[in-house]
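Residues per chain, in single letters:
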Amino acid sequence: MSIITKKLGFLTTGAKAWIEGSCLMARTSWLIRAVSLFSHSKEVCVDRDRRLVAIRAKYLWIIQRYREIPFDNIRRLDYSYSSLPTSFNLFAGPLDQLERFTISLCLINPRRTIKLFSFSGEGAVATGLTGVLLHGDDIVDFSGDQEDRSLSYVDLLMKFTGKTLT
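Our next topic: the overall build of the chain. The helix and strand tally for the chain stands at 3 helices and 11 strands. Order of helices (α) and strands (β) in the chain, N terminus to C terminus: β-β-β-β-α-β-β-β-β-β-β-α-β-α. Within the span of the chain, comprising 166 residues, buried residues form 41% of the whole. Intrachain contacts of the chain at a sequence separation of at least 6 include 54% that bridge at least 24 residues. Summing over all exposed atoms, the chain offers an accessible surface of approximately 9,500 Å²; the carbon and sulfur share of this is 58%.

Right, here's the structure in full:
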């Protein structure tokens, strides 16, 4: 983190989410779709009235998959975190990192996990004044808003499905 952290939304890739009537909608970010030359996209509709999650995915422009998962078949929601250091000091440890927050559905039958979306971006590591003076960390650390965006989406997902989080 250095001393000051500045959050910038463009340092994050993740799903765009919105509410449309009784549905919580989410779609792969435009950046990921553009980088893949629009060969990959996913759209998730959580329909509170019909009590189901509809997932439509497109791979390699022509392969399309559609799946409907009833709320009754969802055991719980999974919210996981992983990070990868991008700058490291032998004495201070990681100075900067990339972060990923992944949201998945854990099903009852068959007992498996279905990944919905990941929110990834530049993360901040708390090194403080010691990290800046002794270990060469920057005074200002820029980070994405992937944590806030993923928490917002998983909170809406819990409200719409009534399922708990692990």
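Examined against the element boundaries, Leu-105 turns out to sit in strand β9 (residues 93-107). For Leu-105, a relative accessible area of 0% corresponds to the buried category. The spacing of Leu-105 and Asn-73 is 32 residues in sequence and 9.6 Å in space, taken between C-alpha atoms. If near-sequence neighbours (up to four positions away) are discounted, Leu-105 is found in contact with Val-53, Ile-69, Ile-74, Arg-76, Leu-77, Arg-112, Thr-113, Ile-114 and Leu-116.

So, about helix α3 (residues 146-161). Its 16 residues give α3 an end-to-end C-alpha distance of 22 Å, which sits within 8% of 22 Å, the value for a rise of 1.5 Å per residue. Looking one or two residues past α3, Gly-162 carries a phi angle of roughly 75°, positive in sign.

Next up on the list: the sheet that holds strand β3 (residues 16-20). The 5 strands lie next to each other as β3-β4-β5-β6-β7, forming an open sheet whose pairing is antiparallel. Edge positions in the sheet fall to β3 and β7 (63-70), since each has one partner strand and no second. Between one strand axis and the next, the sheet turns through 15° on average, direction left out of account. By the bridge criterion, 8 bridges tie strand β6 (residues 52-59) to β7 in an arrangement that is antiparallel. From the neighbouring strand, Leu-52 faces β7, where its bridge partner is Pro-70. Across the face of the sheet, α3 comes into contact with β3, β4 (23-27) and β5 (41-47) while running at roughly 145° to β4.

A few words now on the nonpolar core. In terms of nonpolar packing, the biggest core is built from 24 residues, with Val-53, Leu-105 and Tyr-153 touching the most fellow members. Those elements that place two or more of their residues in this core are β4, β5, β6, β8 (74-89), β9, β10 (113-124) and α3. Counting 5 residues, the second largest nonpolar core, distinct from the first, contains Cys-23, Met-25, Leu-52 and Ala-54.

Calculation rules
- Residues numbered from 1 in each chain as written.
- Predicted model: local features only at pLDDT ≥ 70, side-chain atom pairs only at ≥ 80, totals over all residues.
- Heavy atoms only, no water.
- Helix = DSSP H or I, 4+ residues; strand = E, 2+ residues; numbered from the N terminus.
- Buried < 20%, exposed > 50% of the residue type's maximum accessible area, 1.4 Å probe, protein only.
- Contact = heavy atoms within 4.5 Å.
- Areas by Shrake-Rupley, 256 points an atom, 1.4 Å probe, with all protein chains shown as cover.
- Expected span 1.5 Å × (residues − 1).
- Pairing = 2+ DSSP bridges.
- Axes fitted to C-alpha atoms, helices over the stretch in contact; angles between N-to-C directions.
- Core = buried A, V, L, I, M, F, W, Y, C linked by side-chain atoms within 4.5 Å.

No statement about biological role is implied by the geometric values presented.
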